[in-house]
Amino acid sequence: MSTPGNKSNDIKFLTSPKLGMQKKKYCRFKKAGIRYIDYKDPDFLLKFVNEQGKLLPRRLTGNSLKFQRKVATAVKRARHLALMPYVTDLLK
Amino acid sequence: MANAQYETTLILTPEKSDSEVSKLIKGYVKFLKTNGASIVHEETWGLRNLAYPIQKKSTGYYFTVEYEGPTELIASLELSLKRDESVLRFLTVKLDKFAIDYNDRKHKGLIGRDKAPAKAEKEKVVQPENVEEKS
């Protein structure tokens, strides 16, 4: 057990230890440098709603608060203009 | 009062013919111009399916116009849109500087189909701005 460094590195795992590790989430708007979310582009906004057309929470999308708010207003505007449904099923 | 840049999107009834629709659109654009607005850009999307029925109609003509004009103009524009029965829906949005920048790039064709030049442009634009914020 107390053998020095070399041997402890030789431990072989049955499954990769990285398997259970979650990838760090990030805000795609910050990363891509997007400053404005267009409400006239329903195909893009579709990424932020679930199958029923409801907004996805930040914990799933990884958006920062600032951009989650902007996504929400964009989706609501798109809904008003009948570009996206208010309620539906099997959207995707 | 102060001028600002706005964007109005309309949905017009599909019961009208193309020529009638374009006539209506021209009328509204003229209304904007006579009330002291300068048109930045206008776009007709054509007939589109609605995501849900409005007034029992499942399609509509979409039209977007961007303009710069006085604030008082919006109220009178929206009043006339409300009175017009051939307008199913409308939405007026005040554009902030990012929206103006985005629309500007969109008109140049940098956003949408060819995304590669758009991305390059975006990075160019964004980076100097970030530096300013930090300092």
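How each quantity is defined
Residues numbered from 1 in each chain as written. Chains lettered and ligands numbered in written order. Predicted model: local features only at pLDDT ≥ 70, side-chain atom pairs only at ≥ 80, totals over all residues. Helix = DSSP H or I, 4+ residues; strand = E, 2+ residues; numbered from the N terminus. Buried ≥ 20, exposed ≤ 12 C-beta atoms within 10 Å, placed from the backbone. Contact = placed C-beta atoms within 7 Å. Pairing = 2+ DSSP bridges. Axes fitted to C-alpha atoms, helices over the stretch in contact; angles between N-to-C directions. Core = buried A, V, L, I, M, F, W, Y, C linked by C-beta atoms within 7 Å. Nonpolar A, V, L, I, M, F, W, Y, C, P; charged D, E, K, R; others polar. Expected span 1.5 Å × (residues − 1). Arc of directions from axis to C-beta.

Student: Sorry, what's going on with the overall build of chain A here?
Tutor: Within chain A one finds four helices and zero strands. When the helices and strands of chain A are read in sequence order from the N terminus, they spell out α-α-α-α. Of all 92 residues assigned to chain A, the portion counted as buried reaches 18%. Contacts spanning at least 24 positions in sequence make up 73% of the contacts within chain A whose residues lie at least 6 apart.

Student: Sorry, what's going on with the overall build of chain B here?
Tutor: Scanning chain B from N- to C-terminus turns up four helices and four strands. Sequence-ordered secondary structure for chain B, helices as α and strands as β, is β-α-β-β-α-β-α-α. Counting across all 135 residues of chain B, residues that qualify as buried make up 19%. Within chain B, contacts between residues at least 6 apart in sequence are counted, and of these 72% link residues at least 24 apart.

Student: What exactly am I supposed to notice about the sheet that holds strand β4 (residues 87–94) of chain B here?
Tutor: Residues and elements named next belong to chain B. The strand order β2-β3-β1-β4 describes an open sheet built from four strands, whose pairing is antiparallel. Taken across any chain shown, the strands that pair with only one partner, and hence form the sheet edges, are β2 (38–54) and β4. Averaged over all pairs of adjacent strands, the angle between their axes in this sheet comes to 20 degrees, without regard to strand direction. The pairing of strand β1 (residues 3–12) with strand β3 (residues 57–70) spans ten bridges and is antiparallel. What sits directly across from E7, in β3, is E66.

Student: Hey, could you run me through the nonpolar core in this one?
Tutor: What tends to happen in soluble globular proteins is that the nonpolar side chains get buried as a cluster. L45, A74, V75 and A78 of chain A together with I11 and L12 of chain B are the most contacted members of the largest nonpolar core, which totals 30 residues. Elements supplying a minimum of two residues to this core: α4 (65–80) of chain A together with β1, α1 (18–34), β3 and α2 (72–83) of chain B. Setting aside its immediate chain neighbours within four residues, V75 of chain A contacts L45, F48, V49, L55 and M84 of chain A.

Student: Whenever I open this one, the pairing of β1 of chain B confuses me. Can you help?
Tutor: The side chains of a regular strand alternate, residue by residue, between the two faces of the sheet. Residue and element names in this part refer to chain B. The buried fraction of β1 amounts to seven of the ten residues, a majority that puts the element mostly inside the structure. Both β1 and β4 contribute to a ladder of seven bridges, which runs antiparallel. Bridged to L10 within β4 is F90.

Student: So what exactly am I meant to see when it comes to the interface of chain A and chain B here?
Tutor: In many reports, interface size means the accessible area that the parts give up when they come together. Listed as interface residues are 13 residues of chain A and, on the opposing side, 15 residues of chain B. When its residues are assigned to classes, the side of chain A that touches chain B shows seven nonpolar, two polar and four charged.

Student: Looking at this structure, how should I read the environment of Y26 of chain A?
Tutor: All names here are of chain A. For Y26, the location among the structural elements is in the segment before α1 (28–32). Given 12 C-beta atoms within 10 Å, Y26 falls into the exposed group. Measuring from C-alpha to C-alpha, the distance between Y26 and L56 comes to 15 Å, with 30 residues separating the pair along the chain.

Student: Would you explain α4 of chain A in this entry?
Tutor: At 3.6 residues per turn, the α-helix brings residues three or four places apart onto the same side. Residues and elements named next belong to chain A. With 16 residues, α4 ought to run about 22 Å at 1.5 Å a step, and its terminal C-alpha atoms sit 23 Å apart, in line with that. Buried residues of α4: F67, V71, A74, V75, A78 and R79, and no others. Around the axis of α4, the buried residues are gathered within 135 degrees of arc, so they sit on the same side. Residues of α4 that are exposed and point over 90 degrees away from its buried face: L65, K66 and T73. The elements touched by buried residues of α4 are α1 and α2 (42–45). Just downstream of α4, A82 is the residue with a positive phi angle, here 60 degrees.

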